Amino acid sequence: MSDNNNKLNGSPQTNGAAVSNGTPKIGFYVCHCGHNIASQVDVEDVQKFASELPGVAVSRDYKYMCSDPGQELIQKDIKELGLNRIVVASCSPLLHEHTFRTAAEKAGLNPYYFHMVNIRENVSWVHDNKESATKKAKDLTRAAIQRVFFHKALEKKTVPINPDVLIVGGGIAGITAALTIANAGKHVYLVEREPTIGGHMAMFDKTFPTLDCAACILTPKMSAVKSHPHITMWTYSEVEKVDGFVGNYRVQVKRKPRYVNEELCVGCMECIDACIYKEAKYPDEFNQKLSKRKPIYIPFPQATPQVVLFDPETCIDFKSHRCKKTCIEVCDREAIDLKQVPEYKEINVGTVILTTGFKTYDAELSPQYGYGRYPNVYTSLEIERLVNASGPTAGEIINKDGIKPKSVGIIHCVGSRDQKAHKWCSKVCCMYSLKLAHLIKEHTGAQVYNFYIDMRTPGKGYEEFYDKLMTEGVHFVRGRVSEVTDWALVPEEENKLTIRVEDTLIGVVRRVPVDMVVLAVGLEPRVDADDIRRMFNISCSNEGWFLERHPKLAPVSTFTDGIFIAGGCQGPKDIPDSVAQAGAAAAEVLSLISAGSIELEPNTASIMEDHCSGCKSCIPLCPYSAISYIEDSKKAYINEALCKGCGTCVAACPSGSITQNMFDDEQIFSEIDGLLKFAGIELEETEGEHA
Amino acid sequence: MPDSEIKNNYEPKIVAFFCNWCTYTAADLAGVSRLKYAPNVRVIRIMCSGRVDPQFILQAFASGADGVLIGGCHPGDCHYSEGNYKMLRRFRLLKRMLKSLGIAEKRLRLEWISASEGEKVKSVINEMVEQLKVLGPLAIPQSLDKINEELKEIPEEEIREEEPAHA
C-alpha cells in the first residue's frame, strides 16, 4: 500500500530529487502551422505560458516548426544553450515526431529526450472556441514539459530484414509486385487461393480504354511468374497463420489438395476427356456459372499452372468410392492422387504484400433490377465472359434462350452510390460499361442504352473513349433506373424487359424495352477481408477496405511495419492503378530489403530485478511469450528481442517492478499531473518522496 | 462554490488514454476531417490500451479529473493481439471498485474506436461531456482538502496512529 500512496500522492513534481537524468534544460517550441494552429490557439500566449514553467530554458513560437529553419532553431538552441530536453507543440506525433527527433539527434541530443504535443489534430482542428482551445493547448504543454523531466536516453532497436517476401493474392497487382521483386533478385512466395493466378483480370475480354485483349497482356506475365527462378508460386493455397514482426514473419501456408500432383501433371487434359461423366454438368465458377464443367477440370485454357484439379464435392469417387477411375487409367504420368491431403508449408519472410483484391456486388441485393428473377438480366462480369472468345458461348453474345439481343440496356451504379447498398463510387463501372457497350455493339449490332447517374471518366484517354462511344451511336440516358420489369404496358414491351427510368435531362419518365439487361455491379471488399486483415494485424476502413498508413503520403504502407497493400483490397481501382500500386509496394519492400535492417522504437519493457517478487502474473499476459521465469533467481525475465512494447505487463505488475521505455509509470503520472494542474490543485511539495 | 454557479459554469475535465494504433489515429482523423467536439478532453497517447494501469485512472480522479476515457482497438483488432481484452478485464474490476468508492459509473468509460472512426471520437467525447455535466464535479482534491481541514480540528489524540489517506 505504501507504494500506491507514493504513486497517488507523490505525483512527480517538476523540481527536486525525482529527476535522475541531469538537470533539465528544456527548449519549448510552439508552431503556428501557418494559420492551421494559430487561428484557433493563441500561440504567443502558449509560448509565454511555457516560458514560466519550471525547467524551461527557452520558449519560442515559429510559423512552421517542421521547416528547415524551424528545425535549425532547435538545433541552434541545443548547441548554444545546452538544452537537454525538447518539447515541440505542433501537429500529431504520428506525422512529425520522426522529423524533430532526427533534428535533435543531428544536434547531438539523444532523440528520446524529445516529446511532442499535438495541438493541431487534437486541438485547433477540432475546437472552435479560441479561449478553451488555448487553455487546452497550455494544459497539454504543461503535461509534456513535466513528462520530459523523466525522459531517458535510449538506443534504437535494429532488426535485420529477411530478404524473402510473401505476396498474398495472384491477381494483376500480386503478379506485378512478384515480378518486380523477383526481377531484383529477391525471393517471392506468391500465394493464391484459386487454382490459377490471374484474378479478375483473367476473366475480362478487353481492357478500357485501349481495348487491349486482357488475356494477351496478362498471360505472358502469368507464365513469367510460373517460370521465374525467384518465385515460389503456390496456387490453391491459403495463409493460415502469421507470427513475428517486420523483418521476420513466420507464415504457415495451407496447400489445399488438388488430388493431382502438380509436379507430374503437364496439363494435357486427357483425364478430363476420360472422366466417366461424358457431359459436363456442374456450374463452372470461372465462367460465372454460365457454362458447365466436369468434376475434374482446369479453370480456363491459359490457367497457370496448367494443372487440372478435382472437385471432391462432385466427383463420384469421393462420394461413393465406386467410380471406374478412368481418369487415373488414362494418365500415363500417374499424376492423379486421390489420397492427397492438405500440405502445410512454414516459411520465413521479412515483408508481406497483400493483394487480395475485391468482389463484385451481389446484384440480387438490389431486387428492383430483377437479377436472379429474369434470366436475361446479367451482371457485367457475366457479360465479360459472354464476350470472351474462350467463354461459355465462344464470344457470341446471346441470351439464355439462345437469341441474339437486338437491344441492350446497361444500368450503371448497381450497388454503388446507393444509400441502400454502398455509398462509394466504384470508380471502374462507368469505364467498363462504356467498354461493354462498345463490345456488345460490335458483336451484335444491337441498340445499346447506358443508364447513368453521372459519367465519371477521369483518366488518361478515358474521356476520349467516352466521346468515341457517343459517335458510335450508343444511347446515353441520364437517370437512376427505378426498376426492370417484364410487365408489358404496350405491345412493343411484350416479351421484353422494360427499364423504367426518369430521364433527368429531358425531365420525363421513360420506359425502354430491351432484350438484355446488364447490371454494372460495383466493387466491394471480399467477404473474408476482415479475417485476412486480422491475421496480418492491419486495420480497415469503415467500408472494409484495407487501411493505408496515410491516404496521400503512405498509400501502400499499413500501420504494421513490413505489411504493404496494393490493388483492389485497398479500395476500388482499375488495372493501371492496381499495377502502379503494386509497383509502389514492391519498391517499399525492396527499400527495406536493400537497407538490410529496420530501426524499431525502443519502447520495450524490462524487469527491475530487485523488486520482482517472482509472482509470475505477467507471464501469461504477454501475447508474444517474451516473458519467462528464471528458476535460479526466482524472477521474471523479458526477452527484449521478442517484446513489442504494448506495456500490458507493465500495467499488470502488482509490485510495479516492470518498466517500459518511453511509457514509464513516472512519465505517464507526470503527464496526468500536468494535464490536471488547471483544476487549481497545487499538490503539496513532496520533494524527494518520489525518488 | 455555490451549487447554482457550479451548474452554470461547470466544464468537466476528462483525461483520455488513447492507444496509438486505433483511437489516437482516429482522433487524428477527426482532426484532419475538422470534426468539432467539446474541448474538455485531454489525451495521453499510449501504445496499447493494455498499458493503462488502474492507478493511472485513480491518479487522474485523485488529481481532479471528472471523467476518464479509455480508447482501444475493437475486439480482435488489437495491434498487440489482446491488450484490449486485458484492459477490458481491468476496467470491469475497477468499475466495481469505483462504485464502492462512490464514484459514479459514467465517470469511467471504455470505448473501442478504430482508426477509421473519427466520427465516433467526436460522438463519444461529446456524449461523455454531456453526461458529466449532469453528474457535476467530482472534485476529489477539494474533498480531500476539506477532510484534511476537518482532521486538523480533531484533537491529536483522537486520530489513529495511521497516516490520513491524503498525506
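Residues numbered from 1 in each chain as written. Chains lettered and ligands numbered in written order. Predicted model: local features only at pLDDT ≥ 70, side-chain atom pairs only at ≥ 80, totals over all residues. Heavy atoms only, no water.

## A short note on the packing of helix α7 (residues 172-183) of chain A against helix α16 (residues 575-595) of chain A
Residue and element names in this part refer to chain A.
- One can describe the packing of α7 onto α16 by two numbers: an axis separation of 8 Å at closest approach and a directional angle of 35°. Where α7 crosses over α16, the handedness of that crossing is right-handed. Across the interface between the two elements, I172, A173, T176, A177, T180 and I181 from α7 touch I575, S578, V579, A582, A586, V589 and L590 from α16.
- Split into classes, the residues belonging to the contact of α7 with α16 amount to 10 nonpolar, three polar and no charged. (Axes fitted to C-alpha atoms, helices over the stretch in contact; angles between N-to-C directions. Helix = DSSP H or I, 4+ residues; strand = E, 2+ residues; numbered from the N terminus. Left-handed = near helix turned anticlockwise from the far one by under 90°. Contact = heavy atoms within 4.5 Å. Nonpolar A, V, L, I, M, F, W, Y, C, P; charged D, E, K, R; others polar.)

## Examining the packing of aromatic side chains
All names here are of chain A.
- Under the criterion given, the structure shown has 13 aromatic pairs over all chains.
- An angle of 85° between the planes, with centres 5.4 Å apart, marks the rings of F208 and Y462 as edge-to-face. Of this pair, F208 sits in the loop between β8 (206-207) and β9 (212-213) while Y462 sits in helix α14 (residues 462-471), placing them 254 residues apart in sequence. Each member of the pair, F208 together with Y462, is buried.
- Ring geometry for F286 versus F300: centroids 4.3 Å apart, planes at 15°, classification stacked. (Phe/Tyr/Trp six-rings, centres within 6.5 Å; stacked < 30°, edge-to-face > 60°. Buried < 20%, exposed > 50% of the residue type's maximum accessible area, 1.4 Å probe, protein only.)

## Points about the domain arrangement of chain B
Residues and elements named next belong to chain B.
- Entries for chain B in the domain assignment read domain 1 (11-136) and domain 2 (138-167).
- In this structure, domain 1 and domain 2 have C-alpha centres spaced 31 Å apart.
- Domain 1 puts nine residues into the contact, and the matching count from domain 2 is four residues.
- The interface formed by domain 1 and domain 2 contains zero salt bridges.
- If you look at where domain 1 meets domain 2, you find one residue pair in polar contact (both at pLDDT 80 or more).
- Among the residues forming the side of domain 1 that touches domain 2, the class breakdown is four nonpolar, three polar and two charged. (Domains from an automatic or database assignment. Salt bridge = Lys/Arg side-chain N within 4 Å of Asp/Glu carboxyl O. Polar contact = N/O pair within 3.5 Å; in protein donor to acceptor, adjacent residues only side chain to side chain.)

## Some points on the confidence of the model for chain B
- In this model, chain B carries a mean pLDDT of 89, and residues with pLDDT of at least 70 account for 89%.
- Looking across chain B, the model is least confident in helix α1 (residues 3-9) of chain B, with a mean pLDDT of 57, and most confident in strand β1 (residues 14-19) of chain B, with 98. (pLDDT = per-residue confidence, 0-100.)

## A look at the state of the cysteines
- Across all of its chains, the model carries two disulfides over all chains by this definition.
- Covalently, A:C213 is tied to A:C216 through a disulfide, its sulfur atoms 2.3 Å apart. Disulfide A:C213-A:C216: torsion about the S-S bond near 85°, hence right-handed.
- We classify A:C213 as partly exposed; its relative accessible area is 24%.
- A sulfur-sulfur distance of 2.4 Å marks the disulfide that ties B:C22 to B:C73. Taking the torsion about the S-S bond as the criterion, the B:C22 to B:C73 disulfide, at about 105°, is right-handed. (Disulfide = S-S within 2.5 Å.)

## Some words on the pairing of strand β25 (residues 497-503) of chain A
All names here are of chain A.
- Burial within β25 is extensive, with five of its seven residues counted as buried.
- Across four bridges, the pairing between strand β24 (residues 481-485) and β25 is antiparallel. Among the inter-strand pairings, T485 is bridged to a residue of β25, identified as T498.
- Two elements, β25 and strand β26 (residues 508-514), share seven bridges in a ladder whose sense is antiparallel. Bridge assignment links D503 to a residue of β26, and that residue is V508.
- The turn linking β25 back onto β26 is made up of four residues, and G507 within it adopts a positive phi angle of 70°. (Pairing = 2+ DSSP bridges.)

## Some words on the interface of chain B and chain A
- Chain B puts 58 residues into the contact, and the matching count from chain A is 60 residues.
- Summed over both sides, the interface between chain B and chain A buries roughly 5100 Å², with carbon and sulfur atoms accounting for 56% of that surface.
- The three residues of chain B that bury the most area against chain A are B:R42, B:R51 and B:Q59, which together make up 15% of that side's buried surface.
- The interface formed by chain B and chain A contains five salt bridges.
- Linking B:D77 and A:R534 is a salt bridge whose minimum nitrogen-to-oxygen distance equals 2.6 Å.
- Taken together, the elements giving at least two residues each to the side of chain B that touches chain A come down to β1, α2 (23-32), β2 (41-46), α3 (54-62), α4 (83-100) and α6 (140-153) of chain B.
- Here the side of chain B that touches chain A gets seven residues from one element, more than from any other, and that element is α2(B).
- Tallied by class, the residues present in the side of chain B that touches chain A amount to 30 nonpolar, 15 polar and 13 charged. (Buried area = accessible area lost by both parts, 1.4 Å probe.)

## A look at empty space enclosed by the protein
- Counted according to the given criterion, the structure contains 12 cavities of 30 Å³ or more.
- In this structure, the largest cavity encloses a volume near 180 Å³.
- Taken together, 16 residues form the lining of the largest cavity, with A:H115, A:M116, A:E671, B:V43 and B:R45 sitting closest to its centre.
- Broken down by secondary-structure element, the contributors of at least two residues to the lining of the largest cavity are β4 (114-118), α6 (130-148) and α18 (665-676) of chain A together with β2 of chain B.
- For the lining of the largest cavity, the residue count by class is 10 nonpolar, three polar and three charged.
- Quantified by volume, the second largest cavity comes out at close to 150 Å³.
- Residue lining of the second largest cavity: 15 residues in total, with A:R101, A:Y112, A:R147, A:H151 and A:M662 positioned closest to the centre. (1 Å grid on protein atoms, 1.4 Å probe; cavity = no way out; pocket = protein on both sides within 12 Å on 5 of 7 lines; lining within 4 Å. Points joined across faces, edges and corners; volume = space filled by probe spheres on them.)

## Some points on the environment of A:G199
Residues and elements named next belong to chain A.
- By secondary structure assignment, the location of G199 is in the loop between β7 (188-191) and β8.
- Take G199: its relative accessible area is 30%, and that puts it in the partly exposed class.
- Once the C-alpha coordinates of G199 and T356 are considered, the two residues, 157 residues apart in sequence, prove to be 9.1 Å apart.

## Remarks on the sheet that holds strand β18 (residues 351-354) of chain A
Residues and elements named next belong to chain A.
- Judged by pairing direction, the sheet is parallel, and its five strands sit side by side in the order β10-β7-β6-β18-β29 without closing on themselves. The open sheet terminates on both sides in strands that have one partner only, identified here as β10 (231-234) and β29 (563-565). Pairs of neighbouring strands in the sheet enclose a mean axial angle of 20°, with direction left out of account.
- Its contacts with the sheet place α7 against β6 (165-168), β7, β10 and β18, and it is angled at close to 165° to β6.

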